[in-house]
Each structure stands twice: as C-alpha cells, then as structure tokens.
Amino acid sequence: MKLITAIIKPFKLDEVRESLSALGVQGMTVTEVKGYGRQKGHTEIYRGAEYAVSFLPKLKIEVAVKSELLSAVVDAISSKAKTGQIGDGKIFVTPLEQVVRIRTGETDGDAL
Amino acid sequence: MRIETLKKAGLAALAGVGTLAMSAGAAFAATAPVPDKGDTTWMLVSTILVLLMIVPGLALFYGGLVRTKNMLSILTQTLVITCIVMVVWALWGYSEAFTDGAGLNAYVGGFSKALLKGVDTATTVETFSRGVVIPEIVFVCFQMTFAAITTALVIGSFAERMKFSAICIFAVLWPTLVYFPIAHMVWWWPGPEFASTHPADATAAGAGMIWAWGALDFAGGTVVHINAGIAALVGALLCGKRLGYKQEPMAPHSLTLTMVGAALLWVGWFGFNAGSNLEANGYAGLAMLNTFLATAAAGVAWPAVEWILKGKPSLLGAASGVVAGLVAITPAAGFAGPMGAIVLGLVVSPICLFFVSVVKNKLGYDDSLDVFGVHCIGGIVGAIATGIVVNPALGGAGIVDYTAGGAAVYPGLVPQVISQLKGVATTIAWSGIGSLIVFGLIKVTIGLRVKEEVEREGLDIAEHGERAYNM
C-alpha cells in the first residue's frame, strides 16, 4: 500500500477528484495549505506599504491506495493537475504500513 | 455649517465661517421665529446620518485595515469613544463650544449651558438666514455627533498598540482641551439677527476667533479633519511604532469590511456636509452635489495614479480616494461649484497618496491607518482650496452676506486664502499643543501603550477577553 501526498493548485481539485473516482479510489483527504517552491510569492501593496508574500495557497490531497493502483493514480493526478505553468505542485509517494477502518475494524486492503 | 459675510464699518470683507448658529434667536427678534418643519426634519435625519458614519462606518473602515487579532479592539474603541464623548458633550461640551465665553470668548465658550441648562423644547438657534431657526435640542444632537466622530477619527494612527484605559481618558480630556475650543473658535457666532442688530461690532459680534477672521469652513475641514489629523500624528509619535513595523507584514485583515465602512462613511457624509447647512434648501443641495462629485473624482484619481505608478489600481486606493475626497470637500461643500468640486477631488488624491506612501516612509513614523496622511493633509488641501473654489468667477457660490440678505461676494483670492491659512495654522498649533498635553499627561501617569506580550498576542484577547471572529 502506498500513501500519495500531492500539492496542487486549488482550482484543479475537482478534476483530480473525478479522475481518481473513475480509477476506483474510494476516499481522499484535502487540506488547505500554504507554501512555496520555484513559483516563489508575489508582492502586495497596501497604500504605501509593500509586502512580499512568500507563501501561496495550495491544496494538499492525501490518498491511500493499493500498490497496484499507484502508477495509474500518480499519472491521473499529474495529468489533471497540470497547467504547464510554474507552481503546479508536487506528488510525494510513501510506503504505508497499516490501515484500519475504525467503524468495522477491517484492515489494510479491505479498509481502503 | 455655513457661512456669512459680516460687514464691518464699510469694509465688506470678512467672511465668517461655518456653523454657527447661535441660540436665542428669540431674544433678538421682535417676534420669535418658529422652526420650519422641513429644516427640522432634515437636521434630525442629518444627525442620524453622522452617527452612521461613526458606527458602523468608521469602525468598519478602520477595523478592516488592522490585523485579525486587533479587529475587536478597534470596534470597541470606536463605539466606546462615541458613547463617552456624547455624555461629555451633554455635561459640558455643548456649553464649552456654543456659548459666549465672556473674556475668553475668542477661544472658548463658557459654562452657562453646562448640563444643558436652559436648553429645552422651546429654545431655538439661528441658522444662517435672518429669521430662520431650528430647535436648539436638534442642534445639540447634530453637533454632538461631530464631537464624537472627530475624537474617534484620531485612534487610527495608534491602532493596535494603545491601552484601552488610556483611550477612555483621552476621550474625556481631548475634546475638552482641544475639540470644544476649536469648534468654538471656528463655528461660534451669535447669528445673523444678533449681527444685524449690533452693527458696530458685527464682525466680532461675539464670534469665535477664526470665524471672526473670515476663514470659511462649511462642515469641519479645520475643526474635524485637520484637528483630528494633527492629534493623530502627535498620538502616534508619543505612542511609538508598532512592534515589527516595517519588519513583518501588517496587511489589512479585511478590505471587504473596509469597503463597507468607506461606503457607509460616504452615505453618512451627506448628513455631515449637507446637514451643516442647517436648513433644507438649495445650499444643502449644493453641498450634496459637491459631496458626490469631489468624492467621485478623488475615488477615480487615487487608483488611477496607482495604476500609472505601480501597475495596479487597488480597492484600498479607491476607498482611500473616496475618503480623501470627502475630507477635502468638507470645508468647501456649500461654497464650491460642481466643477470646482471635481477639480478639488482630482487634486487631493495624488497629494494624500504622496503623503501616505513617500513622506510617511521617509520620515518613519507609524501612523497605522493614515489618519494624518488622509485627514490632516486632505483637510489642509480642502481648507486652502475652499478660499479659491468659492470664487463666483470659478463657479463657486461666493460668500453670501446673510446679515444684509445681499448677494454673494468674494474678497479676492489673496485675502481669502490668507484667511484660510490663518484658520489652518491656528488649528494645527492649538491641536498640536493641546494633543501633546493630553497624550503627554496620559503617558506619564498610566502610560499609553500596552505591554509587549499584549501587543504580540493582540489587543482583542488581552484587553477585552474576546475575539472578533470565532471560526
């Protein structure tokens, strides 16, 4: 099992969710986050005060999948979240040791 | 407030200013004039419009500009200052501003109407026309809101760092030492009936000093805006800069609320400016038209200059321009012609923008919400320009001689602008020194500033035990 953590542009969420649903992914966690990468930030000016805003709003999505689904899910996220512009985000993949569905006590593959 | 020209022994010049209106029209007239119901209604409505400017208008305009952790402190300060000043106004403020001060009459009124003694439903005050009066009680209410908003305006410069206890004391001392005397100097005049029946001393005619100089201030450019702006600068300097000023971002937490506040200020300002006419007539209409046009022109000019210089027109720029335009047209509201008002609006925005961006950054003072840069500078621009745009040759209304019921006159550019400058200089000096005394006294007694940890945590929780938003 793998845990996929992706940072994407907020307006791409629906497209990504639809494509993962189509692949049979049953759940996803979304968090509003701020961060920076190569895109850096921008400048905001309030009357005479200029502020460099280094952290931009992004969404972090977390999806746990069976290992065999990994490459399809990664492909789906990277194609749907892509605009070709700087700041499209990143996908991180980590091994997942254990999963438990709290309601039923099912574990691992059955819990996904 | 309106104006008058008083004739002094053949010298036709001198214009009085402002609001005026004195009581006891009945004492001088052979038959006591009766208030017109239309005038009275308009003044009742105007009074409530000025209240709308303060709460929620000014509170939201300022509140949106501070950080989330200090939003509630601004709302509380604005509301409580308003309440304190209203009580003080009834106890001694009205009497201090709008009665004869005997030996000190050039500077301040007396205490003959302290606790509103003698003010009842039968007493009236003269407006600017002979034989026209409004109920004195209505005038008391109308002017009460001016005292309240002027005091509340000051807090923007030291927002996010002054102790609430210091602000409460300020709300009692500052009007007493600064606002009431300046209101007296600029607006106190016993009225056209008195002036007509005391021709020998008509110019002085018991008026306050600045009025007697002929300085024009229709609705409070000097009394309200220059006055509050200077006090704000003094307060900011004595209080010191916010922790992290220039080092950490202090972006406005909600320009949405600032926009709502600016819009409410504009709506309420019709009571302020057109209400200052004291009568529901064509001059009130002129003040309304100018309050639309100068504001609109300034609201276009500010973001336009930003667009040219910085690449983007901003909402805060448009809202700041609207306020700057309102400030600038305040002294000229019933004097300028509509085209003069547009020019005034176009001119004031770039000047204020220059002060809040270039000058403030150069000098390094922390006027948090730009009270000095917008209200004082915009007020000075408006006060001086009033002496120019009032000229009938430029489409202005001229200075109407109500005493004689004659036509509009204009003493000439140089004499009128000099009168205006004298009014501005006196206001700056009185308010500067008076505010220094008030803030200085508070600083050496209970202190002006919150503790460092309070400032870091935010005034909302530390000073008031609440937050603006629980989300």
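Quick caveat: nothing in here was measured; it's all calculated off a predicted structure.

Draft legend 1. Inspection of the overall build of chain B at higher detail. A tally of regular secondary structure across chain B gives 16 helices and 6 strands. Taken over C-alpha atoms, the radius of gyration comes to 21 Å for chain B, in line with the 23 Å a tight globule of 471 residues would show. Along the first, second and third principal axes, the C-alpha set of chain B runs to 65 × 50 × 35 Å. The 471 residues of chain B split such that 62% are buried. In chain B, of all internal contacts separated by at least 6 residues, the share reaching a separation of at least 24 is 78%.

Draft legend 2. View of the overall build of chain A. Counting its secondary structure elements, chain A contains 2 helices and 6 strands. Secondary structure elements of chain A occur, N-terminal to C-terminal, as β-α-β-β-β-β-α-β. A compact globule built from 112 residues should have a C-alpha radius of gyration of about 13 Å, whereas chain A, at 17 Å, is more than 25% larger. Looking at chain A as a whole, 16% of its 112 residues are labelled buried.

Draft legend 3. Structural context of the pairing of strand β3 (residues 42–46) of chain A. Residues and elements named next belong to chain A. Bridge count for β3 against strand β4 (residues 49–53) is 5 bridges, and the pairing is antiparallel. When the sheet's bridge partners are listed, E44 is paired in β4 with Y51. Linking β3 back to β4 in an antiparallel pair, the connection comprises 2 residues, with R47 at a positive phi of about 50°.

Draft legend 4. Structural context of the nonpolar core. Ranked by size, the top nonpolar core spans 154 residues in total, and within it B:M53, B:L58, B:I149, B:L265, B:A328, B:A332 and B:L344 carry the most contacts. By residue number, the principal contributor to this core is helix α2 (residues 37–65) of chain B, which donates 15 residues. Those residues in contact with B:M53 that lie beyond four places of it in its chain are B:L58, B:I149, B:L264, B:L265, B:G268, B:W269 and B:F272. One finds A:I4, A:A6, A:V63 and A:V65 within the second-largest nonpolar core, a separate group that totals 14 residues.

Draft legend 5. Quick look at the interface of chain B and chain A. Contact with chain B, which involves 12 residues of that partner, is made by 6 residues of chain A. The set of elements that each furnish at least two residues to the side of chain B that touches chain A consists of α11 (315–329) and α12 (338–363) of chain B.

Draft legend 6. Structural context of the packing of α11(B) against α12(B). Residues and elements named next belong to chain B. Close contact between α11 and α12 brings their axes to 9 Å; oriented N to C, the two are set at 125°. By the angle class used here, α11 and α12 are oblique. Judged by the twist between their axes, the crossing of α11 over α12 is right-handed. Judged by residue contacts, G321, A324, G325, A328 and I329 of α11 engage A341, L344, G345, V348, S349 and C352 from α12. Residues belonging to the contact of α11 with α12 are distributed by class as follows: 7 nonpolar, 4 polar and no charged.

Draft legend 7. Region of interest: the packing of α12(B) against helix α13 (residues 371–389) of chain B. Residue and element names in this part refer to chain B. Viewed as axis vectors pointing N to C, α12 and α13 meet at an angle of 150°, and their least axial separation amounts to 9 Å. With respect to the hand of their crossing, α12 and α13 are arranged in right-handed fashion. For the pair α12 and α13, contact is made by G340, L344, V347, V348, I351, C352, F355, V356 and K360 and by G373, V374, I377, G378, V381, G382, A385 and V389, respectively. Grouping the amino acids of the contact of α12 with α13 by side-chain chemistry returns 12 nonpolar, 4 polar and 1 charged.

Draft legend 8. Quick look at the environment of A:E68. With respect to the helices and strands, A:E68 occurs in the loop between β5 (56–65) and α2 (70–80). Each C-alpha atom, one on A:E68 and one on A:K34, is 31 Å from the other, the two residues being 34 residues apart in sequence.

Draft legend 9. Molecular detail of the sheet that holds β5(A). All names here are of chain A. In spatial order, the strands read β2-β5-β1-β6; together these 4 strands make up an open sheet with antiparallel pairing. Every interior strand has two partners, whereas the edge strands, β2 (29–35) and β6 (89–95), have only one. Each adjacent strand pair in this sheet contributes to an overall mean axis angle of 20°, direction not counted. Alignment of strand β1 (residues 2–8) against β6, held across 7 bridges, turns out to be antiparallel. From the neighbouring strand, I8 faces β6, where its bridge partner is G89. Packing of helix α1 (residues 13–22) onto the sheet brings it into contact with β1, β2 and β5, and relative to β5 it is tilted by some 10°. Relative to β6, α2 is tilted by about 165°, and along the sheet it contacts β1, β5 and β6.

Draft legend 10. Local environment of the confidence of the model for chain B. Residue and element names in this part refer to chain B. In this model, chain B carries a mean pLDDT of 90, and residues with pLDDT of at least 70 account for 90%. Below a pLDDT of 50 lies the segment residues 1–29, which in the model reaches 116 contacts outside its immediate sequence neighbourhood of four places, other chains included. ipTM for the predicted complex: 0.78, alongside a pTM of 0.88.

Draft legend 11. Layout of unusual backbone geometry. Note the cis peptide between B:V55 and B:P56, where omega equals 5°. The topology assignment puts B:P56 in helix α2. The backbone of A:D108 sits at a positive phi, close to 45°, despite the residue not being glycine. If you trace the backbone, A:D108 turns up in the segment after β6. The residue B:K246 is not glycine, and still its phi comes out positive at about 80°.

Draft legend 12. The environment of B:P181, seen in detail. All names here are of chain B. Structurally, P181 can be placed in helix α5 (residues 164–187). Since 25 C-beta atoms lie within 10 Å of it, P181 is described here as buried. In the structure, P181 is positioned 72 residues away from G109 in sequence and 7.2 Å away in space, judged by C-alpha atoms. Once residues within four sequence positions are removed from consideration, P181 is found in contact with Y107, V108 and W430.

Draft legend 13. The environment of B:A147, seen in detail. Residues and elements named next belong to chain B. Among the structural elements, A147 can be located in helix α4 (residues 136–154). Residue A147 is classed as buried on the basis of its 24 C-beta neighbours within 10 Å. Linking A147 and T41, residues 106 residues apart in sequence, is a C-alpha distance of 21 Å. Apart from residues no more than four positions distant in its own chain, A147 is found in contact with V85, W89, G93, P175 and Y179.

Basis of the calculations
- Residues numbered from 1 in each chain as written.
- Chains lettered and ligands numbered in written order.
- Predicted model: local features only at pLDDT ≥ 70, side-chain atom pairs only at ≥ 80, totals over all residues.
- Helix = DSSP H or I, 4+ residues; strand = E, 2+ residues; numbered from the N terminus.
- Rg over C-alpha atoms; globule rule 2.2 N^0.38 Å.
- Buried ≥ 20, exposed ≤ 12 C-beta atoms within 10 Å, placed from the backbone.
- Contact = placed C-beta atoms within 7 Å.
- Pairing = 2+ DSSP bridges.
- Core = buried A, V, L, I, M, F, W, Y, C linked by C-beta atoms within 7 Å.
- Axes fitted to C-alpha atoms, helices over the stretch in contact; angles between N-to-C directions.
- Parallel < 35°, antiparallel > 145°, perpendicular 65-115°, else oblique.
- Left-handed = near helix turned anticlockwise from the far one by under 90°.
- Nonpolar A, V, L, I, M, F, W, Y, C, P; charged D, E, K, R; others polar.
- pLDDT = per-residue confidence, 0-100.

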